[in-house]
Amino acid sequence: MTKSDDNIAYWNSHYGKKTTLRIPSQFAAFVLSEYYVYDKFIDLGCGNGRDSFFFAEHDKQVIGVDGADAAVQACNAQAQRLFPDTLRFAQLDFSDAAACDAFVAQHADRWAGSLVYARFFLHAIDEEAERNFMKLALALIGAQGRICVEFRTDRDAMQPKVTSAHYRRFIDPVDFINNMNGFGLKVEYYTTGFGFAKYKADDAHVARFVLCAA
């Protein structure tokens, strides 16, 4: 079993047994208030769909994407009941470059110019999957879209964690900026700090970025 398989198995188990209230994250509220003009949102690494449903509740066309099939199935069942015409979920392994290319080919025409959103996802995948993520996101935003990401920084490595142990990659924001420049992306907005993603005793040190095509 590969590292990617282990990671997906963890999240399938996590979402297969966990019931969570669908309360949007602070980051989702920030993104929607700042970028409400966008009609199409692609939530990559959507997990239990909390933010995907939030965007749909505000009349957005939404695709939620996750590697955990258990999460995707549960979210699709709810989406069919609540937002059958505007919200759907798809399973995608971001470590599979060919699968990411196929996703782009399937969605590029209809979803060009979208807002691509990812909260607490980049630090949960390795560098190879991050490269696939960025290629996919860049292909979908085109010249007008945006990529909005929030992730744990390297300053968070020694902070208390409430959730169970799983793969985490703490990211240096300066390294991230340099990597994004290599993808032909520029930083439109950037901040770091505590208090953006507090959960019980876990007050993560996070970075927030909004990126667009250079």
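Residues numbered from 1 in each chain as written. Predicted model: local features only at pLDDT ≥ 70, side-chain atom pairs only at ≥ 80, totals over all residues. Heavy atoms only, no water.

Caption draft 1: The pattern of salt bridges, seen in detail. Tallied over the entire structure, the rule returns seven salt bridges. The partner of Asp-156 in a salt bridge is Arg-152, with the nearest N and O atoms 2.6 Å apart. Accessibility expressed as a relative area gives 0% for Asp-156, which makes it buried. Take Arg-152: its relative accessible area is 5%, and that puts it in the buried class. (Salt bridge = Lys/Arg side-chain N within 4 Å of Asp/Glu carboxyl O. Buried < 20%, exposed > 50% of the residue type's maximum accessible area, 1.4 Å probe, protein only.)

Caption draft 2: Region of the structure containing the nonpolar core. Among the nonpolar cores identified, the biggest contains 33 residues, and Phe-94, Leu-122, Phe-133, Leu-136, Val-149 and Phe-176 are the most heavily contacted of them. Every element with two or more residues in this core is listed here: β1 (40-44), β2 (61-66), α5 (97-111), β4 (115-119), α6 (127-141), β5 (146-152), α7 (173-182) and β9 (206-213). Here the element with the most residues in this core is α6; it accounts for seven residues. Residues in contact with Leu-136, not counting those within four places in the same chain, are Leu-44, Leu-92, Phe-94, Cys-100, Phe-103 and Val-104. In terms of nonpolar packing, the next biggest core, distinct from the first, is built from 24 residues, Ala-28, Tyr-35, Leu-115 and Tyr-117 among them. (Core = buried A, V, L, I, M, F, W, Y, C linked by side-chain atoms within 4.5 Å. Helix = DSSP H or I, 4+ residues; strand = E, 2+ residues; numbered from the N terminus. Contact = heavy atoms within 4.5 Å.)

Caption draft 3: Structural view of the packing of helix α2 (residues 26-34) against helix α3 (residues 50-57). Orientation of α2 relative to α3, taken along the N-to-C sense of each, is 30°, at an axis distance of 10 Å. Between α2 and α3, the crossing angle belongs to the class labelled roughly parallel. As for how α2 packs across α3, the hand of that crossing is right-handed. In this structure, α2 contributes Ala-28, Ala-29 and Leu-32 to the contact, and α3 contributes Asp-51, Phe-54 and Phe-55. Considering only residue class, the contact of α2 with α3 consists of five nonpolar, no polar and one charged. (Axes fitted to C-alpha atoms, helices over the stretch in contact; angles between N-to-C directions. Parallel < 35°, antiparallel > 145°, perpendicular 65-115°, else oblique. Left-handed = near helix turned anticlockwise from the far one by under 90°. Nonpolar A, V, L, I, M, F, W, Y, C, P; charged D, E, K, R; others polar.)

Caption draft 4: Broad picture of the side chain of Glu-130. By the secondary structure assignment, Glu-130 is in helix α6. Contacts of Glu-130, omitting those with residues within four sequence positions, involve Leu-122, Ile-125, Arg-169, Ile-171, Asn-179 and Met-180.

Caption draft 5: Fine view of the environment of Ala-118. Within the element layout of this structure, Ala-118 appears in strand β4. For the pair Ala-118 and Ala-28, spaced 90 residues apart in the sequence, the C-alpha separation amounts to 9.4 Å. When residues no more than four places from it in sequence are discounted, the contact partners of Ala-118 are Phe-27, Leu-44, Phe-133, Cys-148, Val-149 and Glu-150.

It is worth stressing that arrangement in space is one thing and function is another; only the former is reported here.
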